[in-house]
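Working through the structure, step by step
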Amino acid sequence: EAQVTQNPRYLITVTGKKLTVTCSQNMNHEYMSWYRQDPGLGLRQIYYSMNVEVTDKGDVPEGYKVSRKEKRNFPLILESPSPNQTSLYFCASRHRGGVGGEQYFGPGTRLTVT
Amino acid sequence: DQQVKQNSPSLSVQEGRISILNCDYTNSMFDYFLWYKKYPAEGPTFLISISSIKDKNEDGRFTVFLNKSAKHLSLHIVPSQPGDSAVYFCAASDNYGQNFVFGPGTRLSVLP
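What counts, and at which threshold
- Residues numbered from 1 in each chain as written.
- Chains lettered and ligands numbered in written order.
- Predicted model: local features only at pLDDT ≥ 70, side-chain atom pairs only at ≥ 80, totals over all residues.
- Heavy atoms only, no water.
- Salt bridge = Lys/Arg side-chain N within 4 Å of Asp/Glu carboxyl O.
- Helix = DSSP H or I, 4+ residues; strand = E, 2+ residues; numbered from the N terminus.
- Buried < 20%, exposed > 50% of the residue type's maximum accessible area, 1.4 Å probe, protein only.
- Core = buried A, V, L, I, M, F, W, Y, C linked by side-chain atoms within 4.5 Å.
- Contact = heavy atoms within 4.5 Å.
- Patch = residues over 30% accessible without salt bridge, like charges linked within 9 Å, V, L, I, M, F, W, Y side chains within 5 Å.
- Areas by Shrake-Rupley, 256 points an atom, 1.4 Å probe, with all protein chains shown as cover.
- Disulfide = S-S within 2.5 Å.
- Pairing = 2+ DSSP bridges.

Examining the pattern of salt bridges
Residue and element names in this part refer to chain B. Within the structure shown, the criterion is met by seven salt bridges over all chains. In this structure, Glu 58 and Lys 56 form a salt bridge, with 3.9 Å as the shortest nitrogen-oxygen distance. The residue Asp 84 makes a salt bridge to Arg 61 at a minimum N-O spacing of 2.8 Å. Within this pair, whereas Asp 84 is found in the loop between β8 (72-77) and β9 (86-93), its partner Arg 61 is found in the loop between β6 (56-59) and β7 (62-67), the two being separated by 23 residues in sequence. By relative accessible area, which is 2% here, Asp 84 ends up buried.

Description of the nonpolar core
Core analysis: the biggest nonpolar cluster contains 24 residues, and Val4(B), Phe33(B), Trp35(B), Leu73(B), Leu75(B) and Tyr88(B) have the highest contact counts within it. The leading source of residues in this core is β9(B), at four residues. Setting aside residues no more than four positions away along its own chain, Tyr88(B) makes contact with Gln6(B), Leu21(B), Trp35(B), Tyr36(B), Lys37(B), Leu47(B), Leu75(B), Ile77(B), Gly105(B), Thr106(B) and Leu108(B). Counting residues in hydrophobic clusters, the runner-up holds 19 residues, among them Ile46(A), Tyr47(A), Phe74(A) and Tyr89(A).

Topic: unusual backbone geometry
Along the chain, Asn7(A) connects to Pro8(A) via a cis peptide bond; the corresponding omega equals -5°. Position of Pro8(A) relative to the elements: it lies in the loop between β1 (4-7) and β2 (10-13). The amide bond that connects Val78(B) to the next residue, Pro79(B), takes the cis arrangement and shows omega of -10°. Looking at where Pro79(B) falls in the secondary structure, it is placed in the loop between β8 and β9. The residue Asn28(A) is not glycine, and still its phi comes out positive at about 60°. Following the sequence through the fold, Asn28(A) ends up in the loop between β3 (19-25) and β4 (31-38). In this model, Lys71(B) sits at a positive phi of 50°, which is unusual for a non-glycine residue.

Side note on a nonpolar patch on the surface
On the surface, a cluster of nonpolar side chains totalling about 220 Å² of accessible area is made up of Ile18(B), Ile20(B) and Val78(B). With respect to the element layout, Val78(B) can be found in the loop between β8 and β9.

Thoughts on the state of the cysteines
Going through the model one piece at a time under the given rule, you end up with two disulfides over all chains. Each disulfide pairs two cysteine sulfurs, and for Cys23(A) the partner residue is Cys91(A), the sulfurs being separated by 1.8 Å. Across the disulfide from Cys23(A) to Cys91(A), rotation about the S-S bond amounts to roughly -70°, and the bridge is consequently left-handed. Of the two residues, Cys23(A) is situated in strand β3 and Cys91(A) in strand β9 (residues 87-94); the sequence distance between them amounts to 68 residues. With respect to burial, Cys23(A) and Cys91(A) carry one shared label: buried. Residue Cys23(B) pairs covalently with Cys90(B) via a disulfide, S to S 2.0 Å.

Brief notes about the sheet that holds strand β8 (residues 76-78) of chain A
All names here are of chain A. The antiparallel open sheet is built from four strands, whose spatial order is β1-β3-β8-β7. This sheet does not close on itself; its edge strands, each paired only once, are β1 and β7 (65-66). Relative to β8, β3 runs antiparallel, the two being bridged by three bridges. Following the sheet pairing, Val 21 is matched in β8 by Leu 76.

Remarks on the sheet that holds strand β3 (residues 19-25) of chain B
Residue and element names in this part refer to chain B. Across the sheet, which stays open at both edges, the five strands sit in the order β1-β3-β8-β7-β6 with antiparallel pairing between neighbours. In the strand order of this sheet, the two ends are held by β1 (4-5) and β6, each with one partner. Across two bridges, β1 lies against β3 in antiparallel orientation. Directly across from Val 4, in β3, lies its bridge partner Tyr 25.

In structure tokens:
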């Protein structure tokens, strides 16, 4: 089954404790991206990657890091989480040549930073 | 300032009637516009898209209209079904499909 998986689905952590949210897709997509969803703001793009070893900032990259060492994986790293990073996070992927920019989203990771 | 706006946080429609969801944008450099549907506890799923060179795209019960001069697009669902009840996000991207900007979403409720 073609899918984007994220782990963990739920995470409660404390300020300053480094964490990684994993994202993996099995569709051989070149493009992957991370978003956060907050009430009243919709989804905001954090980082994206056009291919292996190629990453770029989205609209809200502060406080986040990413890496793309393999085509299928695109982990999101919070080196020192803060309460304002409490949010619902989505990973997405698509073929680089996808018409209209259609993306496939993972199920989401709800992060709470206390 | 939000580049993609959905000014109606919620909309209720009777089953069988038409649902019209609206979206406005400010950046004239956007080349593609997309609609996503989101159910609770799931990720968004792609619904329909339109290129900036078109003014209409249709897929079954879903039609998207684009008015470039007004920087406005709308999604029409006809006929509406209870299973259409979800949050709908409008999104826009550049020609390269790298940066995506989403609106805040509209919660559609289709009443039986």
